[in-house]
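# Structural features, examined
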Number of protein chains: 2
Amino acid sequence: MAPQVTVDSINPKVIECQYAVRGEIVILAQKLQQEIQAKPEAYPFQEILYCNIGNPQSLGQKSITFFREVLALCDHPAILAKRETQALFSADSIERARKILDQIPGRATGAYSHSQGIKGLRDTIAAAIEARDGFPADPNDIFMTDGASPAVHMMMQLLIRSEKDGILCPIPQYPLYSASIALHGGSLVPYYLDEVTGWVLEVSELKKQLQEAKSNGITVRALVVINPGNPTGQVLAEENQKAIVEFCKEEGLVLLADEVYQENVYVPEKKFHSFKKVARSMGYGEKDIHLVSFQSVSKGYYGECGKRGGYMEVTGFGADVREHIYKLASVNLCSNITGQILASLVMSPPKVGDKSYESYIAERDGILSSLARRAKTLEDAFNKLEGITCNKAEGAMYLFPRINLPKKAIKAAEEVKTAPDLFYCRRLLNETGIVFVPGSGFGQVPGTWHFRCTILPQEEKIQAIVTRLTDFHKRFMDEFRD
Amino acid sequence: MAPQVTVDSINPKVIECQYAVRGEIVILAQKLQQEIQAKPEAYPFQEILYCNIGNPQSLGQKSITFFREVLALCDHPAILAKRETQALFSADSIERARKILDQIPGRATGAYSHSQGIKGLRDTIAAAIEARDGFPADPNDIFMTDGASPAVHMMMQLLIRSEKDGILCPIPQYPLYSASIALHGGSLVPYYLDEVTGWVLEVSELKKQLQEAKSNGITVRALVVINPGNPTGQVLAEENQKAIVEFCKEEGLVLLADEVYQENVYVPEKKFHSFKKVARSMGYGEKDIHLVSFQSVSKGYYGECGKRGGYMEVTGFGADVREHIYKLASVNLCSNITGQILASLVMSPPKVGDKSYESYIAERDGILSSLARRAKTLEDAFNKLEGITCNKAEGAMYLFPRINLPKKAIKAAEEVKTAPDLFYCRRLLNETGIVFVPGSGFGQVPGTWHFRCTILPQEEKIQAIVTRLTDFHKRFMDEFRD
C-alpha cells in the first residue's frame, strides 16, 4: 500500500492555521538571498534587508554582556573557582552565577526542573514583579516557558472546547493568536483598534463585538490585549487599561495580557503599566478577575530570541483549574534551564553598586535610545511617502503604516490573484531586497492595506532602507497612480 | 460577574489527559521532602530517593565536560580570543565553538533560527545519522525541537483529526503518548508487549489490534514504537524491526520511532538499529513509508534533560504535507539555540585524535558502564523478592517489574478506592522515601500490576534502595500474604 498521509488527510485545523511572519514573503526572501550568494549581480541589491520579524540579534544587536557571562558560567560551573575566570568575567557575574546555582537543586543545570520552572528563579521573578508593580506576586503563580508562545498555546488549549468558544483578539494582531486559536479549533472574535486615533482600544468596540459574537452563538472566554502593541506599536493609557479590566470583570472574561514589550517604550508621555498592577490598584484581587500576563526574554532591550525563555503569571483561577494548567506544563516536563536563568536575569538585572551596573546601563540605554531613533526615522520617512500614513511607534518594535493603493495597483494585484498589500510587498522585495510583512497577515479593516516593518535594522542600514523604499515607492506610484 | 473559568468549563481533553510520571506519587514525594526539610525526624528516612523519572543529572550524574565547554563558549563568545580562555577550556572545545558560531548566521546565538533549526547544525546531525546508519540523511528532513516531546506533539497534531483517528501505542507505554493523543482528541489503540518473552513486540498483536480498531470505526494513522523501550527496557531485534516496517508499509501507517534511548544499550547481545536504517536496508525509500525518528539530548550518556534539545527526522511525506509541518514548527518560531547546539554535539562528539577524546570517552564509558551495573543490581534485587518478576533491562533507563499482589492487599487498596499498584507505591514511599511510578500510569494487561523504577540513582544509593525496598517488601507481604 502507498503511504496514506496527504494534505487531504491531515488535521484540517493545521491547514487552516496561518502564520504570515514566516510566510510567503519570507520564503521568497530566503530564495533571493541564496540566488545573491550564488550570483551577486542577480539583483539590483547586494543584501536582503529583513524588516519582517522581531529578531534583533539577527540584525546585529549585541547581547547584554552581564547576562551572557552568567549564562556561560552556569553552563560550565567547573571554571567558577579558577583564577583565570576572574580575569575573564565580571565579579558580579561570578557572584550571580553562584547564587543561581545555589537555587538549583543539586546545582544541576542539566536536570529537568519543577514543571513550572526552578523555584528559586521564580522567587526572583516574583520579587521583581512586586518591585515593578507595588503589589504582591506569588512564585507559585509563575509558569516558566520556552518563550511566550508556548504559554499562549497552553492557555488556548485550556480555554477552547470547540469552535463555539471565542477569543477576543485585536485587529491588527500578532498572528500567533490567530494561529493558536485555529490550531485549537476555536473562533477568533475580532475587535478593531482605531487607526485614526493612534490604534486606540475602545471598550465600546469590545462590547459591540462581544454582543455580536454572543448573538452568533459564540461563548467568548477571553480577551487578548497586546501592550505595547504588535504590530501597531501603541502604548495603552492607564485609564484605558482600567476600562478594559472593568470590562473583563463584568463579563467574566480571562484577560490574556501580552506584555512582552514592557521594556520597549520610546516616548516620554507614555509609560508601561502591567494589567495586574492596574487591576490590583482598582481593588480587584484573585477572586475578581482571571488574569494571565505573558513575558519573554526575546523582546525588551535584551532581545534574546534564540534562548527561548519566558513566563506567564497566572492569577485568579481556582486551585482545581490550576492543577490542570500544571498538568499541561508537566506533559512537556519543563522549559529550558538556560532560558529560565535568563528570564530571572532580565527581571533582575545589575543594580546600583554592582560591578557591572554602569556598563549594563550603557548597553541597555544604548540599545533603547537607538531603537527610539530608528522608530522615529522610519515613521517620518513613511509619512513623507505619497498615500502612506503611519502612526507613532510609542513602543514595541514595529510600525504598521497604511498605504492607500491606487485603483490601478489593486487591479494589477487582482489580475495575478494576489492581495494588494502582498503585491506591494513582493514588488518591494524583488526590487530593493527589503522585507516587509503584508498587513493581511495581521488583519486590517477590510478595504484598507498595510504592512508591518520592524525598527530593528542597525542605524547605518536604516538610511539605506529609507532611500531604497522612497525610490521604489515613487516608481510604484508613477506606474500605478490613478 | 464572578470569574467564569471552572473545571466544568475548561477543555475536556485537558481534563482527560493524564501524566503519571509527574502525578500523585511525585506530588506526595515533594510534600514529604518539604516535611523532612522542616523536621528531619518526621519520617524513618532522611531523604527521598527519586526513581520516578529519567532525569539523570538531578541524581548526581555529571554532564560531559566537552559539551559544557562548547556551550559556555557559545554563550559568551567574547572570551574566545582571550589568553585566559586557553587555560580554562580544552583546545578542541574552543575550536568547536568557533566552528559552530561560523555556522550560525551573524554568529547570533541570541537570534531566532530557521524554524527547523540552524542549517549548519542540521548538516552536522544529518552527517552523523549517515555515519550511524550507512544510508543518506538530508538536513532538510531534520526538525530541531525543545526535547523530543514537542516533536511528538507536532506529529499528533498533524495526524489526528478526531476521535475516529487512532494511534497504535505499546502497552506499557511512556505516558507522553497517551497524554498527547488525549490532548489532540484522538484514540489510543493499544498493542500489548509480551512480558513473558521479555516485552517482545509481536506483529501478530499489531495486526489483531489494527483489525479490532478498524471494526470499531477507527482509522489507524500511525504506529508508535519506543526502542529501546520505555518503561520496559527491551531492545528490539533487527528481524523484529523488519517485520514492523513491513507491517507499516503494508498498512500505510506512519512509523513514529521513539529512538531517544539509542545510546542506552547495556547487553552485548543486543544492538540499536534505527528504523530508518532497517527500512532502507529492506530497499524501502521515501516513496514507500512515512517514517519519523525522535532523538533527544535528555537521554543517552549525556542526560542533558534541562537543556531541552532534540530533533525529529521526517521522511516519506510529500512536499505539500512537509510545508504544513514546517508551518507548525514556525508558529513556535524555533527551538532554543543552546539545545540545538547540544543536539549537534551529542550527534558529533570528539573523535579519535581530538584533544578531549580520551577524557570524553572515559566520562562516557564511566556513565554507561555504571548504568549497566545499576540496572543489573536492581534487576537481580527485584527478582529475589517474593511475588516479583522483572525482565532484563537491555536498554533505556528503566525496569518495569511485575508484582503479584496478594488478594488481601488488593482488597485493602479497593477499600481506600486506590489502584493496587498505587497502593503499593504509596506505602513504599511513606515508609522508605523511595519513589516508583505505579504501572497504571503506563498501562498494563488488566489484572496485572507493575511499577516503573529508573536505574539512575548513583551507585552508592542503589544499595540503600535495595535494602530499604527488600525490608519494606517483606513487611508488606507479611501484612497481606494470603
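As the structure is a computational prediction, the values presented were derived from the model and not from experiment.

Next up on the list: helix α8 (residues 176–183) of chain A. Every α-helix carries 3.6 residues per turn, so stepping three or four residues along brings you back to the same face. Residue and element names in this part refer to chain A. Burial analysis of α8 places seven of its eight residues in the buried class, which makes it a mostly covered element. The set of residues buried in α8 consists of L176, Y177, A179, S180, I181, A182 and L183. Positioned one or two residues after α8, G185 has a phi angle of 80 degrees, which is positive.

Residue and element names in this part refer to chain A. Here we have three strands laid out as an open sheet, ordered β10-β14-β13, and antiparallel in their pairing. Edge positions in the sheet fall to β10 (398–399) and β13 (437–438), since each has one partner strand and no second. As judged from the two bridges shared by β10 and strand β14 (residues 451–454), these two strands associate in the antiparallel manner. Following the sheet pairing, L399 is matched in β14 by C453.

Glancing now at the sheet that holds strand β10 (residues 398–399) of chain B. Spatially, β10-β14-β13 (chain B) is the arrangement adopted by the three strands of the open sheet, whose pairing is antiparallel. On the outer flanks of this sheet lie β10 and β13 (437–438) of chain B, each paired with one strand and no other.

For the rest of this paragraph, the subject is the environment of C51 of chain A. Residue and element names in this part refer to chain A. Relative to the elements of secondary structure, C51 occurs in the loop between β1 (49–50) and α3 (65–75). It is 23 Å that separates the C-alpha atoms of C51 and A409, two residues lying 358 residues apart in sequence. Filtering out sequence-adjacent residues up to four positions away, C51 remains in contact with I434, V435, F436, R452, C453, T454, P457 and I465.

With that out of the way, let us pick up the relation of the copies chain B and chain A. Superposition of the two copies of the chain requires a rotation about an axis and a shift along the axis. In the superposition of chain B on chain A (RMSD 0.0 Å, axial shift 0.0 Å), the rotation amounts to 180 degrees. Here the symmetry operator amounts to a two-fold rotation axis. Across chain B, the smallest distance between a C-alpha and the rotation axis is recorded for A72 of chain B, namely 2.0 Å. A shared interface surface links the copies, since 99% of the contact residues of chain B are contact residues in chain A too.

By size, the foremost hydrophobic cluster in this structure holds 279 residues, and its most contacted members are F382 of chain A together with F382 of chain B. The residues touching F382 of chain A, leaving out its near neighbours within four places in the chain, are I388, C390, L399, P401, F436, F451, C453 and L469 of chain A.

A few words now on the interface of chain B and chain A. With 94 residues of chain B at the interface, the matching set in chain A holds 93 residues. Summing the contributions of chain B and of chain A, the shared interface buries around 7,600 Å²; its carbon and sulfur component is 57%. In this structure, the connection of chain B to chain A is made through two salt bridges. A salt bridge links D75 of chain A to K307 of chain B; its shortest N-O distance comes to 2.5 Å. Inspection of the chain B/chain A interface yields 42 residue pairs in polar contact (both at pLDDT 80 or more). For the side of chain B that touches chain A, the secondary structure elements donating two or more residues are α1 (12–16), α3 (65–75), α4 (83–88), α7 (149–159), α8 (176–183), α10 (238–251), α12 (319–331) and α13 (337–347) of chain B.

Right, let's get into the side chain of Q57 of chain A. With respect to the secondary-structure elements, Q57 of chain A resides in the loop between β1 and α3. Assessed through its relative accessible area of 6%, Q57 of chain A is described here as buried. At 3.4 Å, the side chain of Q57 of chain A forms a polar contact with the backbone oxygen of G303 of chain A. Those residues in contact with Q57 of chain A that sit more than four places away from it in its chain are S63, R68, Y302, G303 and E304 of chain A together with A108, G110 and A111 of chain B.

Cut-offs and rules
- Residues numbered from 1 in each chain as written.
- Chains lettered and ligands numbered in written order.
- Predicted model: local features only at pLDDT ≥ 70, side-chain atom pairs only at ≥ 80, totals over all residues.
- Heavy atoms only, no water.
- Buried < 20%, exposed > 50% of the residue type's maximum accessible area, 1.4 Å probe, protein only.
- Helix = DSSP H or I, 4+ residues; strand = E, 2+ residues; numbered from the N terminus.
- Pairing = 2+ DSSP bridges.
- Contact = heavy atoms within 4.5 Å.
- Least-squares fit on C-alpha atoms with pLDDT ≥ 70 in both.
- Core = buried A, V, L, I, M, F, W, Y, C linked by side-chain atoms within 4.5 Å.
- Buried area = accessible area lost by both parts, 1.4 Å probe.
- Salt bridge = Lys/Arg side-chain N within 4 Å of Asp/Glu carboxyl O.
- Polar contact = N/O pair within 3.5 Å; in protein donor to acceptor, adjacent residues only side chain to side chain.

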